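# Chain and residue survey
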Amino acid sequence: QVQLVESGGGLVQAGGSLRLSCAASGRTFSSYAMGWFRQAPGKEREFVAAISWSGGNTYYADSVKGRFTISRDNAKNTVYLQMNSLKPEDTAVYYCAADFVGRVVTGTPGSWGQGTQVTVSS
């Protein structure tokens, strides 16, 4: 397993932007697909975006397509989530995850971060 630590969350007004980062430990980071999930109060955790080990393939939930961009820097063992045009309904705890791409996109990755809070005010 890989250890994951998220950062970059905070409070932002609707229409604003944030960039989340997820730093991974371990020499095998570049072997893993990475993903972002989120959980709003009273709701189940949901898939947001994923990226293949090479960065060549990306996947997005319909609710964030065109607004969020996932990317990775394997030299820095870091994955990013650029969030633009934020909406109040994007408010949630955002989690980073790692595993094979099939497990990430189906919501069953083996490694999770502890999460970072994103709050979007109207």
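Here's a quick rundown of the structure. (Residues numbered from 1 in each chain as written. Predicted model: local features only at pLDDT ≥ 70, side-chain atom pairs only at ≥ 80, totals over all residues. Heavy atoms only, no water.)

Scanning the model with the defined rule gives 3 aromatic pairs in all. A centroid spacing of 5.6 Å and a plane angle of 75° characterise the contact between Phe37 and Phe47, whose relative ring orientation is edge-to-face. Here Phe37, found in strand β4 (residues 33–39), pairs with Phe47, found in strand β5 (residues 46–51); they are 10 residues apart in sequence, far enough to count as distant. Judged on exposure class, the residue Phe37 and its partner Phe47 are both buried. Consider the rings of Tyr95 and Trp112, whose centres lie 6.5 Å apart with planes at 85°: the pair is edge-to-face. Here Tyr95, found in strand β9 (residues 92–99), pairs with Trp112, found in strand β10 (residues 111–112); they are 17 residues apart in sequence, far enough to count as distant. Overall, Tyr95 belongs to the buried group, its relative accessible area being 15%. In this structure Trp112 comes out as partly exposed when scored by relative accessible area, which is 29%. Taken together, the ring pairs connect Phe37, Phe47, Tyr95 and Trp112 into an aromatic cluster. A cation over an aromatic ring shows up here: Arg45 above the ring of Tyr95, its NZ or CZ 4.8 Å from the ring centre. Taking NZ or CZ as reference, Arg45 lies 3.8 Å from the ring centre of Trp112, over its face. (Phe/Tyr/Trp six-rings, centres within 6.5 Å; stacked < 30°, edge-to-face > 60°. Helix = DSSP H or I, 4+ residues; strand = E, 2+ residues; numbered from the N terminus. Buried < 20%, exposed > 50% of the residue type's maximum accessible area, 1.4 Å probe, protein only. Lys NZ or Arg CZ within 6 Å of the ring centre and 35° of its normal.)

Core analysis: the biggest nonpolar cluster contains 35 residues, and Met34, Trp36, Leu81, Met83 and Tyr94 have the highest contact counts within it. Of all the secondary structure elements, the ones that give two or more residues to this core are β3 (18–25), β4, β5, β7 (68–73), β8 (78–83), β9 and β11 (116–121). (Core = buried A, V, L, I, M, F, W, Y, C linked by side-chain atoms within 4.5 Å.)

As enumerated under the stated definition, the model contains 5 salt bridges in all. Note that Arg38 and Asp90 form a salt bridge whose closest N and O atoms lie 2.9 Å from each other. With Arg38 in strand β4 and Asp90 in the loop between β8 and β9, this pair connects stretches of sequence that are 52 residues apart. We classify Asp90 as buried; its relative accessible area is 1%. Connected through salt bridges with shared partners, the residues Arg38, Glu46, Arg67 and Asp90 form a single ionic network. (Salt bridge = Lys/Arg side-chain N within 4 Å of Asp/Glu carboxyl O.)

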